[in-house]
Amino acid sequence: MTSSMTTPTDTAAAAAVPVRRRRPAGWLAVAPLLAFVALSFGAPALAMLGGAFTAKDPATGATSYTTANFTASLHGAYLTALLGSIKLSAVSAGIAAVLGLLLAQAVVTSRFRALREAVLTASGVLANFGGVPLAFAFVATLGNSGVLTGRLGLARDGWDLYSFWGLTVTYLYFLIPLMVLTVTPALDGLRSQWREAAQNNGATGAQYWRHIALPVLAPSLLGGLVLLFGSAFAAYATAAAMVGSSVPLVTLQIADAISGNVLVGQENVALAMSLDMVAVACLVMAVYLPLQRRSARWLD
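Residues numbered from 1 in each chain as written. Predicted model: local features only at pLDDT ≥ 70, side-chain atom pairs only at ≥ 80, totals over all residues. Heavy atoms only, no water.

Participant: Can you help me understand the overall build of the protein in this one?
Facilitator: Of regular secondary structure, the protein possesses 13 helices and two strands. Across the 300 residues that make up the protein, the buried fraction comes to 33%. Taking all contacts inside the protein whose residues are at least 6 apart in sequence as the whole, residues at least 24 apart take part in 70%. (Helix = DSSP H or I, 4+ residues; strand = E, 2+ residues; numbered from the N terminus. Buried < 20%, exposed > 50% of the residue type's maximum accessible area, 1.4 Å probe, protein only. Contact = heavy atoms within 4.5 Å.)

This is the structure we're talking about:
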């Protein structure tokens, strides 16, 4: 009579046999996307990297590897443009972060669901409204001959749309809605029990926000601020159509260099400035992603 029980020897032998796991074939579906990303982003990045480190001799036409392009991109007018973009992005992102937080808090605490849906829908549309149409809209509204400029007499008070602060106000048009979309989920994650517990212990509204809400929201707020900075830093069409070269920006300098408005032998300086922007963008993402992960742990 054969026993159906498994002996310890059989168990040990079965454990010694390696189990072959079948690799899921789902990654094959991602292969076209990876190929598209490699072709769309990888090839231009490699071309930009190679061109940034090469220079062409105007006399002989020979190319050589050099770091002179990077040296030029961090001096003179190019450095001024890079610092101007960083300043504009930081100022506009800071203002938009504060105003966006206040607007998002008002929407979250509102009793009218229709108002919340309308604001979030409008924010989704306005956050993607930019470029030349946005520039023309502000020129027609707040330009030298704009509708509001004439009716409110803004020109007498020294208002100039084609300046640093004029461009900052224009950027707020799409940065504030972007902040609303970014911080609203975090505000929804604040539990009402935290406020009730704070009130039961005698805390005021200001103390609740200072010691409970803002520390919890800090990663989301900083992440939103970094995201706004990156969006403003990469913007080009709005500034190009509205201010031209009156406000030094790195994106405008790159456009001038690509169009040929550079000295002979410095054609690849535009590629070096592009890599400077990539470095700033990578720094922004290096700060943004950890903040988002930390915020998700608190608000889940």
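Participant: Quick question: what am I supposed to make of empty space enclosed by the protein here?
Facilitator: Which parts of space are left empty comes out when a probe the size of a water molecule is rolled across the atoms. Evaluation of the coordinates by the stated rule reveals one cavity of 30 Å³ or more. Volume-wise, the largest cavity comes out at about 30 Å³. What lines the largest cavity is simply S85, L88, S89, Y171, A232, F233, A235, L249 and T251. The set of elements that each furnish at least two residues to the lining of the largest cavity consists of α4 (76-108) and α10 (205-234). Here the lining of the largest cavity is composed, by residue class, of six nonpolar, three polar and no charged. (1 Å grid on protein atoms, 1.4 Å probe; cavity = no way out; pocket = protein on both sides within 12 Å on 5 of 7 lines; lining within 4 Å. Points joined across faces, edges and corners; volume = space filled by probe spheres on them. Nonpolar A, V, L, I, M, F, W, Y, C, P; charged D, E, K, R; others polar.)

Participant: Hey, could you run me through the UniProt feature "transmembrane region" (unreviewed entry) in the protein in this one?
Facilitator: Per the UniProt entry, the sites bearing "transmembrane region" (unreviewed entry) are residues 27-49, 88-108, 120-142, 162-187, 216-239 and 269-291 in this numbering. The span residues 162-187 carries 92% helix and 0% strand; its end-to-end C-alpha distance comes to 36 Å. (UniProt positions renumbered as here; feature names shortened; annotations may be inferred.)

Participant: Please explain the confidence of the model for the protein as it appears in this structure.
Facilitator: Interpretation of the predicted coordinates at a detailed level should be avoided for regions scoring low in pLDDT. Here the protein averages 80 in pLDDT, while 84% of its residues score no lower than 70. Ranking the helices and strands of the protein by mean pLDDT puts α4 first, with 91, and helix α1 (residues 8-16) last, with 51. (pLDDT = per-residue confidence, 0-100.)

Participant: Got a minute to help me understand the nonpolar core in this structure?
Facilitator: What tends to happen in soluble globular proteins is that the nonpolar side chains get buried as a cluster. Counting 57 residues, the largest nonpolar core has L167, Y171, L228, L249 and M273 as its most contacted members. Ranked by residue count, the leading element in this core is helix α8 (residues 164-188), at 13 residues. In contact with L228, other than residues within four places in its own chain, are A93, A96, A97, L175, L178 and M179. Counting residues in hydrophobic clusters, the runner-up holds five residues, among them M48, A52, F70 and L275. (Core = buried A, V, L, I, M, F, W, Y, C linked by side-chain atoms within 4.5 Å.)

Participant: Explain the packing of aromatic side chains here, please?
Facilitator: Two descriptors summarise a pair of aromatic rings, namely the distance from one centre to the other and the angle between the planes of the rings. Per the stated rule, a full pass over the model turns up six aromatic pairs. Pairwise contacts between aromatic rings join F129, F138 and Y173 into one cluster. Above the plane of the ring of F164 lies K87, whose end atom (NZ or CZ) is 4.9 Å from the centre. (Phe/Tyr/Trp six-rings, centres within 6.5 Å; stacked < 30°, edge-to-face > 60°. Lys NZ or Arg CZ within 6 Å of the ring centre and 35° of its normal.)

Participant: What should I look at first to understand the side chain of T238 in this one?
Facilitator: By the secondary structure assignment, T238 is in helix α11 (residues 237-242). Judged by relative accessible area, which is 4%, T238 ranks as buried. In this view, T238 contacts G130, G131, L134, A135, T170 and Y171; residues no more than four positions away in its chain are not counted.

Participant: Sorry, what's going on with the pattern of salt bridges here?
Facilitator: Side-chain pairing between opposite charges can occur once the charged atoms of the two side chains come close. Counted by the stated rule, this structure contains two salt bridges. A salt bridge links R113 to E117; the shortest N-O distance between them is 3.2 Å. With a gap of four residues between them, R113 and E117 both fall in helix α5 (residues 113-126), about one helical turn apart. By relative accessible area, which is 43% here, E117 ends up partly exposed. Among the salt bridges present, the one from D188 reaches R116, with a minimum N-O distance of 2.7 Å. Taken together, the residues D188 in helix α8 and R116 in helix α5 connect sequence positions 72 residues apart. Assessed through its relative accessible area of 22%, R116 is described here as partly exposed. (Salt bridge = Lys/Arg side-chain N within 4 Å of Asp/Glu carboxyl O.)

Participant: What should I look at first to understand α8 in this one?
Facilitator: One full turn of an α-helix is made of 3.6 residues, so residues set three or four places apart face in the same direction. The end-to-end C-alpha distance of α8 is 35 Å, a good match for the 36 Å that 25 residues give at a rise of 1.5 Å each. Within α8, the axis deviates most sharply at L172, by approximately 40°. Most of α8 is tucked away, with 19 of its 25 residues classed as buried. (Expected span 1.5 Å × (residues − 1). Bend = angle between axes of the 7 residues up to and from the residue.)

Participant: Sorry, what's going on with the packing of α4 against helix α12 (residues 250-258) here?
Facilitator: The axes of two packed helices give the description: the angle between them and the distance between them. Running from N to C, α4 and α12 point in directions that differ by 140°, and their axes come no closer than 7 Å. The angle between the axes of α4 and α12 places the two elements in the oblique class. The residues of α12 that touch α4, namely those facing A77, Y78, A81, L82 and S85, are V250, T251 and Q253. When the residues that make up the contact of α4 with α12 are grouped by side-chain class, the tally is five nonpolar, three polar and no charged. (Axes fitted to C-alpha atoms, helices over the stretch in contact; angles between N-to-C directions. Parallel < 35°, antiparallel > 145°, perpendicular 65-115°, else oblique.)

Participant: Help me understand helix α6 (residues 132-142), please; the structure alone is not making it clear to me.
Facilitator: Among the residues of α6, L134, A135, F138 and L142 are the ones counted as buried. Here the buried residues of α6 occupy an arc of 100° about the axis, which is enough to place them on one side. Elements in contact with the buried residues of α6: α7 (147-152), α8 and α11. (Arc of directions from axis to C-beta.)

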